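Structural overview
Chain by chain, the residues:
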Amino acid sequence: MPVSYQHLFLGYEIRDTQTHESGVGEWPHLQAVTVYIENGHNQDLTITIRGNKEKTTMGSVELVSAFTVSAGTAVSYTLAPETTGWLPYIYVTAKAATAPTTGEINVTIITIEEGTA
């Protein structure tokens, strides 16, 4: 079963308390996708998952309420059209309450190629 990976943040270092927006990825099919988040920073991060009808962050809507990814941990969140709604483009925001001094964040969208599940 072919799996597809899109990197939204890859080795991205956060060193402040501002909100950081990832790149915009595609959610091309009406099927579940998993967002895998690795927080390698030395501080917790608050993450939101957002969607849009166009390939931009302007005018986006929140698909998943903010949640915390603890320092040095990884989490995954599966989006399903039946529960989160569906938009063709998704991205994440990341924010630290205390500025990290080390580490990086990686966020990957994982999908199964359509018609192969």
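Placed above this text is the structure.
What comes next is a walk through the structure.

Calculation criteria
Residues numbered from 1 in each chain as written. Predicted model: local features only at pLDDT ≥ 70, side-chain atom pairs only at ≥ 80, totals over all residues. Heavy atoms only, no water. Helix = DSSP H or I, 4+ residues; strand = E, 2+ residues; numbered from the N terminus. Rg over C-alpha atoms; globule rule 2.2 N^0.38 Å. Buried < 20%, exposed > 50% of the residue type's maximum accessible area, 1.4 Å probe, protein only. Contact = heavy atoms within 4.5 Å. Phe/Tyr/Trp six-rings, centres within 6.5 Å; stacked < 30°, edge-to-face > 60°. Pairing = 2+ DSSP bridges. Axes fitted to C-alpha atoms, helices over the stretch in contact; angles between N-to-C directions. Salt bridge = Lys/Arg side-chain N within 4 Å of Asp/Glu carboxyl O. Core = buried A, V, L, I, M, F, W, Y, C linked by side-chain atoms within 4.5 Å. Lys, Arg positive; Asp, Glu negative; His and termini not counted. Polar contact = N/O pair within 3.5 Å; in protein donor to acceptor, adjacent residues only side chain to side chain.

Looking at the overall build of the protein
Scanning the protein for helices and strands turns up one helix and nine strands. In terms of overall size, the protein behaves like a compact globule, its C-alpha atoms giving a radius of gyration of 14 Å where 117 residues would be expected to give roughly 13 Å. The buried share of the protein, reckoned over its 117 residues, is 37%. The long-range share in the protein, meaning contacts at least 24 apart out of those at least 6 apart in sequence, stands at 81%.

Remarks on the packing of aromatic side chains
Summed over all chains, the structure comprises two aromatic pairs. When the ring of Phe67 is compared with that of Tyr77, the centres are 5.6 Å apart and the planes differ by 20°; the resulting orientation is stacked. Here Phe67, found in strand S6 (residues 61-69), pairs with Tyr77, found in strand S7 (residues 73-79); they are 10 residues apart in sequence, far enough to count as distant. The class of Phe67 is buried, set by a relative accessible area of 18%.

Remarks on the sheet that holds strand S1 (residues 3-12)
Working definition: the strands of a sheet are paired by backbone hydrogen bonds and lie parallel or antiparallel to each other. Spatially, four strands are ordered S1-S9-S4-S7 in an open sheet, and the strand pairing comes out antiparallel. For this open sheet the edge positions go to S1 and S7, each flanked by a neighbour on one side alone. Taking the axes of each pair of neighbouring strands and ignoring which way they run, one obtains an average angle of 15° across the sheet. Here seven bridges tie strand S4 (residues 33-39) to S7, and the two strands are oriented antiparallel to one another.

Details of the pattern of salt bridges
A side chain with one charge can pair with a side chain of the opposite charge if their charged atoms come near. The final tally for this structure, using the stated rule, is three salt bridges. With a shortest N-O distance of 3.7 Å, Arg15 and Glu13 are connected by a salt bridge. For Lys53, the salt bridge identified is with Glu54, shortest N-O distance 3.8 Å. When its relative accessible area of 60% is taken as the criterion, Lys53 is described as exposed.

Overview of the nonpolar core
In terms of nonpolar packing, the biggest core is built from 22 residues, with Ile47, Leu79 and Ile105 touching the most fellow members. Those elements giving two or more residues to this core turn out to be S1, S4, strand S5 (45-52), S6, strand S8 (89-95) and strand S9 (105-112). Per-element accounting of this core gives the leading share, four residues, to S6. Beyond its immediate chain neighbours, meaning those up to four positions away, Leu79 contacts Trp27, Gln31, Ala32, Val33, Val35, Ile49, Leu63, Val64, Thr84 and Ile90.

Quick word on the side chain of Arg50
Relative to the helices and strands, Arg50 is located in strand S5. Glu62 is the oppositely charged side chain nearest to the buried, salt-bridge-free Arg50, at an N-O distance of 4.3 Å. A distance of 2.9 Å separates the side chain of Arg50 from the side chain of Ser60, its partner in a polar contact. Ignoring sequence-local partners within four residues, the contact set of Arg50 consists of Ser60, Val61, Glu62, Leu63, Tyr89, Ile90, Tyr91 and Thr93.

The values are spatial; any link to function lies outside them.
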